[in-house]
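Read off the chains here:
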Amino acid sequence: MYSNFEFYAPTKIVFGKGAEENAGKMVKAFGGTRVLIHYGSQSALRSGLIGRVQQSLDAEGLYHVELGGVVPNPHLGKVYEGIELGRKEGIDFILAVGGGSVIDSSKTIALGLANPEDDVWDYYIGKKTTNKSLPIGCILTLAAAGSEMSGGAVITNEKNGLKRDYGADCMRARFSLLNPELTMTLPAYQTGCGVADILMHTMERFFNLCDNMEMTDRISVTLMRNVMKYAKVLMKEPDNYKARAEIMWAGTLSHNDLTGCGCAGGDWATHNMEHEMGGMFDVAHGAGLAAIWGSWARYVYKAAPERFVKFALEVMGVMPGDHDEDTIESGIQAMERFYHQIGMPVNMRELGIKPTEEQIAFMAASCEEKAGGANGQVIPLKKEDMEEIYRMAL
């Protein structure tokens, strides 16, 4: 029997060239009157994007203030700054202009403004939950996290190094404006990190112990193959609009739960283990995922060999080996070769970190605590399992 599931995707998408010009009209349509424009680096200012967004809001008579400075692995401190500013200015709508880090920071600010009696960090460490949030909208500049259509966010508490996630339907963006042209100036490394994250969002759902729906599997396989195809194009032609468009749309679909229908939620052990690496070493999320996935796969594949064979044959296109284990290893190696093709690491050494035994033990224990016990679906990983996977990835 298939696993029962719910699918909820209320975000309105406007896709294509000039999509960001709709910002003012969309904010107004969803009831915004006083807007916080939240963004990351100075490049959003230098490129003129923030200026165009401001003009769009001005054209609709909407009050706005700005807060920049979001960093990768977005910091709780910046969230608190946004909440304080939002309260001072009477903000009723958050407009995120950037990638997943900016969107996640915006979602968390929106939670804080809607729940003034709570510390938003309590949601991320499991002390509290909420179904209230200010509305947010997104203008996407990086195809990666899929946060523009998901109901979750990831925040790093820079004071203690903990990187934690929280999700609720109230956090879903009211609209997302997707213009592939806005991603054309990204460095190749950032593009590669985004691709790795997109792939992992579907792979986390693909590797499971369910009687999977054929329709969901076909969507997942096609999405992954398409991402890899056009990622290779972008490594040579970074301004190729078709390739940027294909990957941007795949990034959105990979994390709006479409590829998770019927999979009982998926595995997510690789993501959770990478969150510990990101919190401790501040590594790029996509690169961290690529660095640890192969070790996770080699550790757990015997619990779901048919899924790993299917992945090897249908996604990676390898020839069947004499034994399933040969086919599976060929599939893992093929994915690692692809990661290298797009400039991604396949171990921690290539990522540029070398955790000590004490750090490995801390990350594994923290991951186990965050999961409330075992981590993952294919094999529920205990602390000792995760320690071994970290060591394999050194």
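The structure we're discussing is the one just above.
Please read these numbers as outputs of a predicted model, since none were measured by experiment.

Considerations on the overall build of the chain
Helix and strand counts for the chain stand at 16 helices and eight strands. Scaling as 2.2 N^0.38, a compact globule of 394 residues should have a C-alpha radius of gyration of about 21 Å, and the chain matches this with 20 Å. Referenced to the eigenvectors of the C-alpha coordinate spread, the extents of the chain come out at roughly 70 × 45 × 45 Å. Out of the 394 residues in the chain, the part that is buried amounts to 59%. Summarising the internal contacts of the chain: among those between residues at least 6 apart in sequence, 77% fall at separations of at least 24. Summed over its atoms, the accessible surface of the chain is roughly 15,900 Å², and 51% of this surface lies on carbon and sulfur atoms. Within the chain, one finds 38 positive and 50 negative side-chain charges whose respective centroids are separated by 4 Å.

Looking at the packing of helix α8 (residues 214–236) against helix α12 (residues 305–315)
Following both chains from N to C, one finds α8 and α12 inclined at 50 degrees, their axes separated by 10 Å at the closest point. By the angle between their directions, the pair α8 and α12 is classed as oblique. Like other packed secondary-structure pairs, α8 and α12 cross with a definite hand, here right-handed. Of α12, the residues touching α8 (which contributes Asp 217, Val 221, Met 224, Arg 225 and Met 228) are Arg 307, Lys 310, Phe 311, Glu 314 and Val 315. Partitioning the contact of α8 with α12 into residue classes produces five nonpolar, no polar and five charged.

Structural notes on the sheet that holds strand β4 (residues 93–98)
Reading across from one edge, β1-β8-β5-β4-β2-β3 is the order of the six strands in this open sheet, with parallel pairing throughout. The outermost strands of the open sheet, each flanked by one partner alone, are β1 (12–15) and β3 (63–67). Going across the sheet, the axis of each strand differs from the next one's by a mean of 15 degrees, ignoring polarity. Pairing of β1 with strand β8 (residues 175–178) involves four bridges; the strand directions are parallel. Across the sheet, residue Lys 12 finds its bridge partner in β8, namely Phe 175. Here helix α9 (residues 241–254) sits on the sheet and contacts β1, β5 (136–140) and β8; the angle it forms with β1, its principal contact strand, is near 175 degrees.

Description of the packing of aromatic side chains
For the structure on display, the rule yields 15 aromatic pairs. Here Lys 17 stacks its cationic end above the ring of Tyr 241, 4.8 Å away from the centre of that ring. Cation over ring: Arg 307 sits above Phe 206, and NZ or CZ is 4.1 Å from the ring centre.

Describing the packing of α8 against helix α13 (residues 324–341)
Two elements in contact, α8 and α13, have axes whose closest approach is 10 Å; the angle formed by their N-to-C orientations is 30 degrees. By the angle between their directions, the pair α8 and α13 is classed as roughly parallel. The two elements α8 and α13 cross, and the hand of that crossing is left-handed. Together, Met 228, Ala 231, Lys 232 and Met 235 of α8 and Met 335, Phe 338 and Gln 341 of α13 make up the contact between the two elements.

Thresholds, definitions, all that
The numbers attached to residues start from 1 for each chain and follow its sequence in the written order. Side-chain atom pairs in this predicted model are given and counted only at pLDDT of 80 or more, local residue features only at pLDDT of at least 70, and totals for whole chains, interfaces and linings cover all residues. Derived side-chain values reflect all non-hydrogen atoms in the structure, with water molecules and hydrogen atoms excluded from consideration. Helix numbers and strand numbers start at the N terminus; a helix is a DSSP run of H or I with at least 4 residues, a strand a run of E with at least 2. We take the radius of gyration over the C-alpha atoms and set the globule estimate at 2.2 Å times the residue count to the 0.38 power. Note on exposure labels: buried denotes an accessible area under 20% of the residue type's maximum, exposed denotes more than 50%, and partly exposed covers the range between, all computed with a 1.4 Å probe on protein chains only. Every residue pair with non-hydrogen atoms within 4.5 Å of one another is taken to be in contact. Where accessible areas are quoted, they stem from the Shrake-Rupley method and a 1.4 Å probe; at the residue level, only the protein chains shown are allowed to cover. Lys and Arg are tallied as positive, Asp and Glu as negative. Neither His nor the chain termini are counted. A charge is said to be at NZ when it belongs to Lys, at CZ for Arg, at CG for Asp and at CD for Glu. Note on geometry: axes are lines fitted to C-alpha atoms, helical ones only across the stretch in contact, with angles between N-to-C directions running from 0 to 180 degrees. Note on angle classes: values under 35 degrees are labelled roughly parallel, values over 145 roughly antiparallel, values of 65 to 115 roughly perpendicular, and the remainder oblique. By definition, turning the near helix anticlockwise from the far helix through less than a right angle yields a left-handed crossing, and turning it clockwise yields a right-handed one. Under the grouping applied here, Gly and all other residues not named as nonpolar or charged are polar, the nonpolar ones being Ala, Val, Leu, Ile, Met, Phe, Trp, Tyr, Cys and Pro and the charged ones Asp, Glu, Lys and Arg. Following DSSP output, two strands are said to pair if at least two bridges run between them. Ring geometry is summarised as follows: Phe, Tyr and Trp rings, the Trp one being its six-membered ring, pair when their centres sit within 6.5 Å, and such pairs are stacked at plane angles under 30 degrees, edge-to-face over 60 and tilted between the two. Two limits define a charge over a ring: the Lys NZ or Arg CZ must be within 6 Å of the ring centre, and within 35 degrees of the ring normal.

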